[in-house]
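Below, each chain spelled out in residue letters.
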Amino acid sequence: MEIFTLLETLEDILERSKGVPFSTKCVVDKDEVLEIIKEVRLKLPDELKQAKWVKEERQRILDEAQREADSIVKEAENRIISMIDEHEITRKAYEKKAEIIETANEMSREISKGTKDYADNILAGLEVALEDALKIVQNNRKELQ
């Protein structure tokens, strides 16, 4: 992640900066630090685009799972209609239909939950990274002031 590289560069600048005697303050090249902060700002939209992609991908997977579930249900219904003439086969078909529908619904729930968990994990990681980056930038600005 380029943002993390830029943040590490900021840390390096602060670590190698000259300290002000009798304080925890240090002297840094203002232009250099501001340039890195500007680059961080330019890189943030990419991270946000990535989060948007995750959200869209989640929706695509959910839609695909729903289409697959609908297809499975329709296939089960078609099988039942073709077997309706025979009582035993009809009874078994109804049982199979219920099983297929339950399996399809379970698969849909699992895919949906997995997608939501994946998106949530990605977004949570991104949120933590952005919060950390913001804290570092805020701390650096405080020190600069």
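In what follows, the structure referred to is the one given above.
This is a predicted model, so every value here is computed, not measured.

Caption draft 1: Representation of the pattern of salt bridges. Counted according to the given criterion, the structure contains 8 salt bridges. With its nearest N and O atoms 2.5 Å apart, the salt bridge here joins Arg60 to Glu57. Of the two residues, Arg60 and Glu57 are both situated in helix H2 (residues 30-82); the distance of 3 residues between them amounts to about one turn of the helix. Counted as one network, the salt bridges with shared partners bring together Glu57, Arg60 and Glu64.

Caption draft 2: Highlighting a nonpolar patch on the surface. A cluster of nonpolar side chains, namely Trp53, Tyr118 and Ile122, defines an oily patch on the protein surface of about 320 Å² accessible area. Looking at the element boundaries, Tyr118 is found in helix H3 (residues 87-144). When its relative accessible area of 46% is taken as the criterion, Tyr118 is described as partly exposed.

Caption draft 3: Examining the packing of helix H1 (residues 2-16) against H2 more closely. Where H1 contacts H2, the two axes come as close as 9 Å, and the packing angle between them is 160°. Classified by the angle between their axes, H1 and H2 sit roughly antiparallel to one another. Here H1 and H2 pass one another in a crossing that is left-handed. Between H1 and H2, the contacting residues are Glu2, Ile3, Leu6, Leu7, Thr9, Leu10, Ile13 and Arg16 on the first element and Glu32, Val33, Ile36, Ile37, Glu39, Val40, Lys43, Leu44 and Glu47 on the second.

Caption draft 4: Representation of a negative patch on the surface in the model. A cluster of acidic side chains, namely Glu8, Glu11, Asp12 and Glu15, defines a negative patch on the protein surface. On the secondary structure map, Glu8 appears in helix H1.

Caption draft 5: Local environment of the nonpolar core. Residues Ile3, Leu6, Leu7, Leu10, Ile13, Val28, Val33, Ile36, Ile37, Val40, Ala133 and Val137 constitute the largest nonpolar core, which totals 12 residues. Among the elements that take part in this core, H1 stands out by supplying 5 residues, more than any other. Setting aside its immediate chain neighbours within four residues, Ile37 contacts Leu10 and Val137.

Caption draft 6: How the structure looks around H1. An ideal rise of 1.5 Å per residue puts 21 Å on 15 residues; H1 measures up with 21 Å between its terminal C-alpha atoms. Taken together, the buried positions of H1 are Ile3, Leu6, Leu7, Leu10 and Ile13. The buried residues of H1 all sit within an arc of 110° when viewed along its axis, so they share a single face. In H1, the exposed positions that point more than 90 degrees away from the buried face belong to Glu15 and Arg16.

The rules behind each value
Residues numbered from 1 in each chain as written. Predicted model: local features only at pLDDT ≥ 70, side-chain atom pairs only at ≥ 80, totals over all residues. Heavy atoms only, no water. Salt bridge = Lys/Arg side-chain N within 4 Å of Asp/Glu carboxyl O. Helix = DSSP H or I, 4+ residues; strand = E, 2+ residues; numbered from the N terminus. Patch = residues over 30% accessible without salt bridge, like charges linked within 9 Å, V, L, I, M, F, W, Y side chains within 5 Å. Areas by Shrake-Rupley, 256 points an atom, 1.4 Å probe, with all protein chains shown as cover. Buried < 20%, exposed > 50% of the residue type's maximum accessible area, 1.4 Å probe, protein only. Axes fitted to C-alpha atoms, helices over the stretch in contact; angles between N-to-C directions. Parallel < 35°, antiparallel > 145°, perpendicular 65-115°, else oblique. Left-handed = near helix turned anticlockwise from the far one by under 90°. Contact = heavy atoms within 4.5 Å. Lys, Arg positive; Asp, Glu negative; His and termini not counted. Charge placed at Lys NZ, Arg CZ, Asp CG, Glu CD. Core = buried A, V, L, I, M, F, W, Y, C linked by side-chain atoms within 4.5 Å. Expected span 1.5 Å × (residues − 1). Arc of directions from axis to C-beta.

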